[in-house]
Number of protein chains: 2
Amino acid sequence: MATIEDVARAAGVSKGTVSSVFSKKRPISKEVTERVLEAARGLNYKPNYWARSLASRSTRIIGLNIRGEPYRFGPFHLALMNGVLRVCYEHGYRLLVNTLSPGYLSQVENLASDPVDGEIILDPSAKGDARIEDRLASGTPLVVIGRPSAEHEAKVSYVDHDNAGLAAGVTRCLLELGHRDILFLNAPELRTVAEDRAHGYREAYRKAGLEPPPQRLLHKPERGTSSHQFGFDAASAMLERHPAITAVIADNEMMALGVYKAAESLGLSIPGELSVFAFSDDAVLFPELSPPLAGVRQHAEQLGMEAAAMLIEQLRSGNSAARRTLVPAELVPRASCSAPAVSPQSV
Amino acid sequence: MATIEDVARAAGVSKGTVSSVFSKKRPISKEVTERVLEAARGLNYKPNYWARSLASRSTRIIGLNIRGEPYRFGPFHLALMNGVLRVCYEHGYRLLVNTLSPGYLSQVENLASDPVDGEIILDPSAKGDARIEDRLASGTPLVVIGRPSAEHEAKVSYVDHDNAGLAAGVTRCLLELGHRDILFLNAPELRTVAEDRAHGYREAYRKAGLEPPPQRLLHKPERGTSSHQFGFDAASAMLERHPAITAVIADNEMMALGVYKAAESLGLSIPGELSVFAFSDDAVLFPELSPPLAGVRQHAEQLGMEAAAMLIEQLRSGNSAARRTLVPAELVPRASCSAPAVSPQSV
DNA sequence: TGAGTTTATAAAACCGGTTTAATGTGGGCT
DNA sequence: AGCCCACATTAAACCGGTTTTATAAACTCA
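What counts as what
Within every chain, residues take consecutive numbers counted from 1 along the sequence as written. For this description, chains carry letters from A and ligands carry numbers from 1, given in the order in which they are written. Local features in a predicted model are, by the rule used here, given only for residues with pLDDT of at least 70; side-chain atom pairs are given and counted only at 80 or more, and totals for whole chains, interfaces and linings are based on all residues. Heavy atoms throughout the structure, all of them, feed into the side-chain values; hydrogens and water do not. To be near a molecule or strand, a residue needs just one of its heavy atoms within 4 Å of it. In the analysis that follows, any N or O atom pair within 3.5 Å is treated as a polar contact, provided that within protein one partner can donate a hydrogen and the other can accept it, and provided that, for residues neighboring in sequence, both atoms belong to side chains. For the purposes of this entry, the term helix denotes a DSSP run of H or I that reaches at least four residues, the term strand denotes a run of E that reaches at least two, and both are numbered from the N terminus. Charged residues are taken to be Asp, Glu, Lys and Arg, nonpolar residues to be Ala, Val, Leu, Ile, Met, Phe, Trp, Tyr, Cys and Pro, and polar residues to be all remaining types, Gly included. Counted as salt bridges are all cases of a side-chain nitrogen of Lys or Arg within 4 Å of a carboxyl oxygen of Asp or Glu. Exposure categories follow from relative accessible area, calculated using a 1.4 Å probe and restricted to protein chains: below 20% of the type maximum is buried, above 50% is exposed, and the middle band is partly exposed. The contact rule is simple, with two residues in contact once any of their heavy atoms fall within 4.5 Å. Here the buried area means the combined drop in accessible surface, using a 1.4 Å probe, for two parts upon being joined, counting both sides. For the least-squares superposition of copies, only C-alpha atoms count, and only for residues with pLDDT at least 70 in both. Note on aromatic pairs: the rings of Phe, Tyr and Trp (six-membered ring only in Trp) are paired at centre separations within 6.5 Å, and the planes decide the class, stacked below 30 degrees, edge-to-face beyond 60, tilted for the rest. The pairing criterion for strands is at least two bridges between them, as found by DSSP. Orientation is described by axes fitted as lines to C-alpha atoms, over the contacting stretch for helices, and by angles from 0 to 180 degrees between their N-to-C directions. Charged residues are defined narrowly, with Lys and Arg counted positive, Asp and Glu counted negative, and His plus the chain ends left uncounted. By convention here, the domain bounds are inherited from an automatic or database domain assignment. By definition, any crossing whose near helix is turned counterclockwise from its far helix by less than a right angle is left-handed, and any crossing with a clockwise turn is right-handed.

Asker: Where do I start with the protein's contact with DNA strand D in this structure?
Answerer: Around DNA strand D lies a shell of 27 residues, among which A:Ile4, A:Ser19, B:Thr17, B:Val32 and B:Arg57 are the nearest. The protein-proximal atoms of DNA strand D, defined as those within 4 Å of the protein, are 67% sugar or phosphate. Residue A:Ser19 places a side-chain N or O atom 2.3 Å away from a phosphate oxygen belonging to DNA strand D. One of the side-chain nitrogen or oxygen atoms of B:Ser29 is found 2.8 Å away from a phosphate oxygen of DNA strand D. Contributing elements (two or more residues each) for the surface near DNA strand D: helix H2 (15-23) and helix H4 (49-56) of chain A together with helix H4 (49-56) of chain B. Here the element with the most residues in the surface near DNA strand D is H4(A); it accounts for 4 residues. For the surface near DNA strand D, a count of residues per class yields 12 nonpolar, 8 polar and 7 charged.

Have a look at this one:
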C-alpha cells in the first residue's frame, strides 16, 4: 500500500502538505491540491486508518458493549442496534461490537485500551456494573441503555423506558380485567430493568388496594436456558402447582410463546383460562399468533438512536454532563388478554 | 493515560523491554517482568490499541459489511451475526459493523483504508460487486456469505446454502401436492441468491416435465418498501388478477405474513385455497402462527460461524486460496401447505 | 521602497507502540 | 586464562500519519 511519503514524493511536495490536502485542516492552493490528488489517485493511496487514529487521537468508532459470555442477540437488541447503526451511519461513525471473552481479556498480552472513542453499554447490572466502573475510571465517554445502578445513576448519561410505569400499566390492565393472581416471569435478576419492572408490578397492586401475591415473581436465570425454554418450564410448573393463577406477564416474545406452549400442554385455553401479556411487541408478528399476543411496544430502535445521538453529541462537545432520556412505550392489548373465566373473588 | 514510556521510566527499564513483557514476543527474566507489571499496575497502564495496531500491522478486528444505504438487519442477519460474534469471541477478535453512508465515504477527508484485518461481505451483488472488487484490489482478506457473481467466484472464499437446490425442493414439494400455478416472491433482483432461487424454481418445473408459468416470478424492490408490505401488495395484486394461483413462496417470514394478510383481505383460506411457503424458518415462532407456516430452516448462525472461522483461518495462515463451504438447510413443511382444493388440471 | 503582515509550503517533532541491531555479562569449554 | 557463545537488555529506527514551528514568497501600505 502506498504511503503518504510516496504521494508526497510523486507530487513533489512534503508530507505535511499531502496531509493537509486530505484533512482539509489547512488551506492548500488549488493547483497543489490538484497535483496531490492526481498523484494519490495514480498510486491508489488511502490514508492509513490506524496511523491517522494514533496521531489524531480519534477513531470515529463507537463501541456497543453487550454483556459478556457467549451472549446472543435477541430481537430487542437487533432493533436497538439498527437504531444505533442508523445514527452512526448518518454521522460517519463505525460500530464495534464488543464481545471479547473474559479469558482473552484477562491475558496480559491482550490487555489494551479499547479502540473506540466512546461506548454504549447495554443491560447495566443492578449491583455496580464493572464495565461502567471501568469506563468512568479510564475516562471513556459512555452512554448506558437502561437505568444504571443507583451509585452510577448521577454520573452517567442514559436512555431508558419507564419500565416501572410500564410494568405497572400492564399489571393494572390485568387487575382491571379482574385478575388477582398474576405470575410475572421477569428478566434475569441483578439487572436494573428487572428491579424496575418488579417494582412497577408491586406498585400496581398496592395502588389498587391489594397485596401483591407472594411467590409470583420469577427471574429468568442469567444463563443456561433460553427464554422460550424458561417460559415453558416456569409456566408449566407454576400453573400446575397454583391453579389460582389466571394471568402471566412474560419478559419477551419467546418467553410468551413458551407460556403458550405450557398452556397448551396443560389444556388451558388462552385467553379463556389464562391471559398472557408480553413485555415486547412486533406489529406484524404478534397479531398473527393464535391468539394474537398482547404486548408492550418498546421502540428499541428509538432507544438505540437516542443513545447513539447522545454519545456522538458528547464526543463532539466534550461535555459529559449526566443526561437522561426516557423513550415512551405503549401497551398494546390483544386477544391473549381477557377477563378471567371465573372471577376468583366476587367480593 | 500513561504511556509505555512512563512505565519504562518507573520500572527503570527501556521501552522495548516493557513492550516485550506485554507482547511476550521475547523472553524477559522473571524479576524484570514482575517489576514492569508492578509499575504498569501502579500507573493503570494499558497499551494503546492504535499505536500497537500501527506498529504491528494487525488490529484483531474483522469487519461485517452489509449493503450500503440505511439498511436494516432482519432476523436472518441477526442469527448470522450471532454466529460470527461467537467465533470472534472465541478467537479474540472484535467485530466492526460497517455501514458508512456513501456520502461520507466519498468525501476526500473521510477516505481511508478500512480499520480491519479482514472482512465478511454479505449479500453479494449478481453483477460484479464493487465491494469485492475493492477488497481484491487492495488485498484485504475477505470471505463472502452467499455466492459471489461468476467473475469473482473463483477468486474468493465463500459460504452459502444450496439455494438453487432448496428452491427446487420447495417448488417440487408444492408441485407434488398438485399445485401448478405457483407465485414466487423472490429476494431483490441483482443478488446472486435471487438468481439461484429463481433457477431452482424453474428447474423443478422442468424436471417435473412442466413449463414454469410465465410472469410468476417477482422480485422485492431493492429499497423503498418493507418485506411485509411487499408481500401484501404483491400477493394482493397477483391473487386478484390471477385466481389460478394456488400457492406462494415468500422470501422470508415477514413477506409470508404479508401474504397471510393479503389472503385474509381477499377472503382466501390458508391452506384451503392458498398454500404458503417461506424461505426462512423459526422453530419457535412458525408453529404458533395460524396456520403454522411452512419454511426453510437456514441455519444462518452456522453460516456466520463458518464464514468467521474461514476468515480467521485465512488471517492466521496467510493462505487466501478460494474455498467454498455449503451449509445444509432443511425444508420444514407445516400446515400452511396442502393440496389445492380444486385440482386445476385433472389431466 | 522597505518594514510589517499575510499566506503557502517545508522541515521536524510527535503520537505510542514494535522490531532490529547493538551492547554488555556471565558461563562453559579447552 | 582466553575465547566463544548464549542471553537479557537497551538504544535507535520504524510504522504512517498529524501538528507545530520555521521559512520563503507575496501582498499591504505608509
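After that view, the rundown keeps rolling.
Asker: Can you help me understand the pattern of salt bridges in this one?
Answerer: All names here are of chain B. Enumeration over the complete set of coordinates arrives at 39 salt bridges over all chains. A salt bridge links Glu301 to Arg86, with the shortest nitrogen-to-oxygen separation between them at 3.7 Å. Remark: Arg86 occurs in helix H5 (residues 75-91) and Glu301 occurs in helix H13 (residues 300-317); sequence separation between them is 215 residues. A relative accessible area of 38% means that Arg86 is categorised as partly exposed. The partner of Asp134 in a salt bridge is Arg135, with the nearest N and O atoms 3.0 Å apart. On the accessibility criterion, Arg135 (7% relative accessible area) is buried.

Asker: It is not clear to me how the interface of chain B and chain A should be interpreted in this structure. Could you clarify?
Answerer: Quoted interface sizes are often the accessible area lost when the parts come together. At the junction of the two partners, chain B supplies 67 residues and chain A supplies 67 residues. For the pair chain B and chain A, the two sides together bury roughly 6,300 Å², of which 64% comes from carbon and sulfur. One can count 3 salt bridges joining chain B with chain A. Between B:Arg94 and A:Asp114 there is a salt bridge, and its shortest N-O distance comes to 3.0 Å.

Asker: For this particular structure, what's the right way to read the relation of the copies chain B and chain A?
Answerer: Two copies of one chain are present, and they are related through a rotation about an axis combined with an axial shift. Each copy of the sequence occupies a distinct position, and chain B is placed on chain A by a rotation of 180 degrees and an axial shift of 0.0 Å, giving an RMSD of 0.1 Å. Overall, the copies show the geometry of a two-fold rotation axis. A share of 100% of interface residues in chain B that are also interface residues in chain A marks the association as one of identical surfaces.

Asker: Whenever I open this one, the protein's contact with DNA strand C confuses me. Can you help?
Answerer: Residues in close proximity to DNA strand C total 27 residues, the closest being A:Thr17, A:Val32, A:Arg57, B:Ile4 and B:Ser19. Among the atoms of DNA strand C close to the protein, meaning within 4 Å, 69% are from sugar or phosphate groups. One of the side-chain nitrogen or oxygen atoms of A:Thr17 is found 2.7 Å away from a phosphate oxygen of DNA strand C. Secondary-structure elements contributing two or more residues to the surface near DNA strand C are H4 of chain A together with helix H2 (15-23) and H4 of chain B. Classifying every residue of the surface near DNA strand C gives 12 nonpolar, 8 polar and 7 charged.

Asker: Explain the packing of aromatic side chains to me, please; I cannot follow it from the model alone.
Answerer: Within a pair of aromatic rings, the relevant descriptors are the distance that separates the centres and the angle that separates the planes. All names here are of chain B. Per the stated rule, a full pass over the model turns up 6 aromatic pairs over all chains. Ring centres of Tyr201 and Tyr205 lie 5.3 Å apart, and the angle between their planes is 75 degrees; this geometry places the pair in the edge-to-face category. Placement of both Tyr201 and Tyr205 in helix H10 (residues 192-207) is noted, with a separation of 4 residues, approximately one turn of the helix. The burial state of Tyr201 is the same as that of Tyr205; both residues are buried.

Asker: Help me understand the sheet that holds strand E9 (residues 275-278) of chain B, please; the structure alone is not making it clear to me.
Answerer: As a general point, the strands of a sheet are linked pairwise by backbone hydrogen bonds and lie either parallel or antiparallel. All names here are of chain B. Strand order in the open sheet formed by 6 strands is E7-E6-E8-E9-E10-E12, with mixed pairing between adjacent strands. Only two strands of the sheet have a single neighbouring strand rather than two, namely strand E7 (217-219) and strand E12 (330-332). Looking at each pair of strands side by side, their axes are set apart by 15 degrees on average, direction ignored. Strands in contact with helix H12 (residues 253-266) are strand E6 (182-186), strand E8 (247-250) and E9; relative to E9, the strand with the most contacts, it is inclined by about 165 degrees.

Asker: What should I look at first to understand the side chain of B:Glu288 in this one?
Answerer: Relative to the elements of secondary structure, B:Glu288 occurs in the loop between E9 and strand E10 (294-297). A:Lys261 provides the closest opposite charge to the buried, salt-bridge-free B:Glu288, at an N-O distance of 7.2 Å. With sequence-adjacent residues up to four places away left out, B:Glu288 is seen in contact with A:Leu257, A:Tyr260, A:Lys261, A:Glu288, A:Leu289 and A:Ser290.

Asker: Before we go on, may I ask you to explain the domain arrangement of chain A in this structure?
Answerer: Residues and elements named next belong to chain A. When cut into domains, chain A gives domain 1 (4-56), domain 2 (61-161 + 301-329) and domain 3 (163-297). Put simply, the middle of domain 2 and the middle of domain 3, counted by C-alpha atoms, are 28 Å apart. Between domain 2 and domain 3, the residue contacts involve 15 residues of the former and 12 residues of the latter. Between domain 2 and domain 3, the buried area comes to about 1,100 Å², and carbon and sulfur atoms account for 47% of it. Notably, a salt bridge pairs Glu195 with Arg147, separated by 3.2 Å at the nearest N-O pair. The interface formed by domain 2 and domain 3 holds 6 residue pairs in polar contact (both at pLDDT 80 or more) in total.

Asker: Which parts of the structure should I look at to understand the packing of H4(A) against H4(B)?
Answerer: Think of two packed helices as two axes; the pair is described by the angle between the axes and how far apart they sit. Following both chains from N to C, one finds H4(A) and H4(B) inclined at 145 degrees, their axes separated by 8 Å at the closest point. With respect to the hand of their crossing, H4(A) and H4(B) are arranged in left-handed fashion. Within the contact between the two elements, H4(A) uses A:Trp50, A:Ala51, A:Ser53 and A:Leu54 and H4(B) uses B:Trp50, B:Ala51, B:Ser53 and B:Leu54. Counted by class, the contact of H4(A) with H4(B) contains 6 nonpolar, 2 polar and no charged residues.

Asker: What am I meant to see in the pairing of strand E6 (residues 182-186) of chain A here?
Answerer: Residues and elements named next belong to chain A. Most of E6 is tucked away, with 5 of its 5 residues classed as buried. Residues Ile182, Phe184 and Asn186 point to one face of E6 and Leu183 and Leu185 to the other, with burial holding for every one of them. Relative to strand E8 (residues 247-250), E6 is paired through 4 bridges, and the arrangement is parallel. The residue of E8 that forms the bridge with Ile182 is Ala247.

Asker: Explain unusual backbone geometry here, please?
Answerer: Glycine aside, a negative phi is what most residues show, and trans is what most peptide bonds show. All names here are of chain A. A cis amide bond links Ser290 to the next residue, Pro291, at an omega of -5 degrees. Mapped onto the elements of the fold, Pro291 is located in the loop between strand E9 (275-278) and strand E10 (294-297). Look at Gln215: it is not a glycine, yet its phi comes out positive at around 65 degrees. With respect to the secondary-structure elements, Gln215 resides in the loop between helix H10 (192-207) and strand E7 (217-219). According to the relative accessible area criterion, Gln215 is exposed, its value standing at 66%.

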